Amino acid sequence: PKTGGVVNDVDKGLRGGTQGVGTPTPPPSEAKKGAITHQIVSLGAGFDTSFFKLRRYYAHHDGHYRYIEVDFNDVVQRKSALITSTPELAKLASLDQPGVPPPKAGIPGELHGPFYHLVSGDLRDL
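Everything numeric here is computed off the predicted structure, so don't read it as measured data. All residue numbers here refer to positions counted from 1 along the written sequence of the relevant chain. Local features in this predicted model are restricted to residues of pLDDT 70 or higher, and side-chain atom pairs are both shown and tallied only at a pLDDT of 80 or more, whereas totals for entire chains, interfaces and linings draw on every residue. Each side-chain value is worked out from all heavy atoms of the structure, with water and hydrogens disregarded.

Enquirer: Help me out: how do you make sense of the overall build of the chain in this one?
Expert: A count of helices and strands for the chain gives four helices and four strands. Secondary structure counts use DSSP, requiring at least four H or I residues in a row for a helix and at least two E residues in a row for a strand, with both numbered from the N terminus. For the chain, the succession of helices and strands along the chain, N to C, is α-β-α-β-α-α-β-β. Pairs of residues are marked as contacts when any of their non-hydrogen atoms sit within 4.5 Å. Of the contacts formed within the chain by residues at least 6 apart in sequence, a portion of 73% connects residues at least 24 apart. In these tables, accessible area is a Shrake-Rupley quantity obtained with a 1.4 Å probe, and a residue counts as shielded only by the protein chains included in the view. Looking at the chain as shown, the accessible area adds up to about 7,500 Å², and 57% of this sits on carbon and sulfur atoms.

In structure tokens:
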């Protein structure tokens, strides 16, 4: 995997939130190209960079992972601004691909890419 760069800069000091998670298993070799074989949901994701590390590590398995991050709206807005204003992060999230929908009206900060979703939510409201 590639090291250094923006992802590691963002990750400095934020490692405690994902200790013990480890690296997910690769998709099965017989999986069809683009088939979702793994879904990862991160509740209270904050500024965790696991998705971006996963994309680098498994770049050759594009499309097999759906990664969903959920956090409070203020955190989502700040993280979204960081991702969209940093070309390396936007590219890893595939937000620069044709056909990726723009942010939904009325939900500031939410991002939806082919395999990355950053959504607002407060589990206390359930």
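Enquirer: Can you help me understand the nonpolar core in this one?
Expert: Within soluble globular proteins, side chains that are nonpolar tend to cluster in buried spots. For this analysis, a nonpolar core means a set of buried residues of the types Ala, Val, Leu, Ile, Met, Phe, Trp, Tyr and Cys, connected via side-chain atoms within 4.5 Å. Buried residues are those whose accessible area, probed at 1.4 Å on protein chains only, stays under 20% of the maximum for their type, while exposed residues exceed 50% and partly exposed ones sit between those limits. With 14 residues, the main nonpolar core has Phe-51, Phe-52, Ile-83, Tyr-116 and Leu-118 as its most contacted residues. Within the residue set of this core, elements represented by two or more residues are α2 (50-57), β2 (65-71), α3 (73-84), α4 (87-92) and β4 (116-120). Non-local contacts of Phe-51, meaning those with residues more than four positions away in its chain, are made with Tyr-67, Leu-92, Ala-93, Phe-115 and Tyr-116.

Enquirer: In this structure, what is going on with the sheet that holds β4? I would like to understand it.
Expert: Across a sheet, strands are paired by hydrogen bonds formed along the backbone, either parallel or antiparallel in direction. Pairing within the open sheet is mixed, and its four strands lie in the order β1-β2-β4-β3. Each edge of the open sheet carries a strand with a single partner, namely β1 (38-43) and β3 (111-112). In short, DSSP must find at least two bridges between two strands for them to pair. In the sheet, β1 pairs with β2 via six bridges, with the strands oriented parallel. Bridging across to β2, Ser-42 finds its partner in Glu-69. Contacts from α2 reach β1, β2 and β4, with the element oriented near 170° to β2. To get an axis, a line is fitted to the C-alpha atoms, and for a helix only the part in contact is used. The angle between two axes follows their N-to-C directions and goes from 0 to 180 degrees. Helix-sheet contacts for α3 involve β2, β3 and β4, and the interaxial angle to β4 is about 145°.

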